[in-house]
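Each chain, letter by letter, is given below.
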Amino acid sequence: QTNPQDIGGADGLEIDNCGHLYVAYTHIGSGVLIFNITNGQYLDSINLGPSVVAVNMKFGQRNQYRDTLYIVGLNF
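Asker: Would you mind showing me how to read the pairing of strand β1 (residues 10–15) here?
Answerer: Regular strands have side chains that alternate between both faces of the sheet. Pairing of β1 with strand β2 (residues 20–25) involves four bridges; the strand directions are antiparallel. Along β2, the bridge assignment pairs A10 with Y25. Hairpin geometry of β1 and β2 is characterised by an intervening segment of four residues between the two adjacent antiparallel strands and by a positive phi of about 85° at G19.

Okay, structure coming up:
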């Protein structure tokens, strides 16, 4: 039997103005993974804490908020 805490997948996806793909990864403690959209290279991550699952995210819609990433996470 597989432990649900060992399984993760992509939930929310966002692309910034620089061509970076942000992926809300649903494995507990993983947070948001950041990739180069042109070659798929992993760049960095945004850690939300050891017991938090990132479930969705969105960049701000107006120009002055476009550089702000809003993240929804669940604490387990």
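There is more to say, and it comes next.
Asker: What's the story with the packing of aromatic side chains in this structure? I'm lost.
Answerer: Given two aromatic rings, their pairing is described by the distance between the two centres and the angle made by the two planes. Counted by the stated rule, this structure contains two aromatic pairs. Ring plane angle 85° and centroid distance 5.3 Å describe the contact between Y22 and F59, whose orientation is recorded as edge-to-face. Here Y22, found in strand β2, pairs with F59, found in strand β5 (residues 52–59); they are 37 residues apart in sequence, far enough to count as distant. As far as burial versus exposure is concerned, Y22 and F59 are alike and both buried. Seen in terms of ring centroids, F35 and Y42 are 5.8 Å apart; in terms of plane orientation they differ by 70°. Their pairing is edge-to-face. We classify Y42 as partly exposed; its relative accessible area is 44%.

Asker: Hey, could you run me through the pattern of salt bridges in this one?
Answerer: Any two side chains of opposite charge can pair if their charged atoms end up close together. Here the structure, examined in full by the defined rule, presents one salt bridge. Ionic pairing is found between K58 and E14, a salt bridge with its closest N-O pair at 3.6 Å. In this pair, K58 is assigned in strand β5 and E14 in strand β1, connecting sequence segments 44 residues apart. Taking the relative accessible area as the measure of exposure, E14 reaches 10% and is therefore buried.

Quick notes on the rules
Residues numbered from 1 in each chain as written. Predicted model: local features only at pLDDT ≥ 70, side-chain atom pairs only at ≥ 80, totals over all residues. Heavy atoms only, no water. Pairing = 2+ DSSP bridges. Helix = DSSP H or I, 4+ residues; strand = E, 2+ residues; numbered from the N terminus. Phe/Tyr/Trp six-rings, centres within 6.5 Å; stacked < 30°, edge-to-face > 60°. Buried < 20%, exposed > 50% of the residue type's maximum accessible area, 1.4 Å probe, protein only. Salt bridge = Lys/Arg side-chain N within 4 Å of Asp/Glu carboxyl O.

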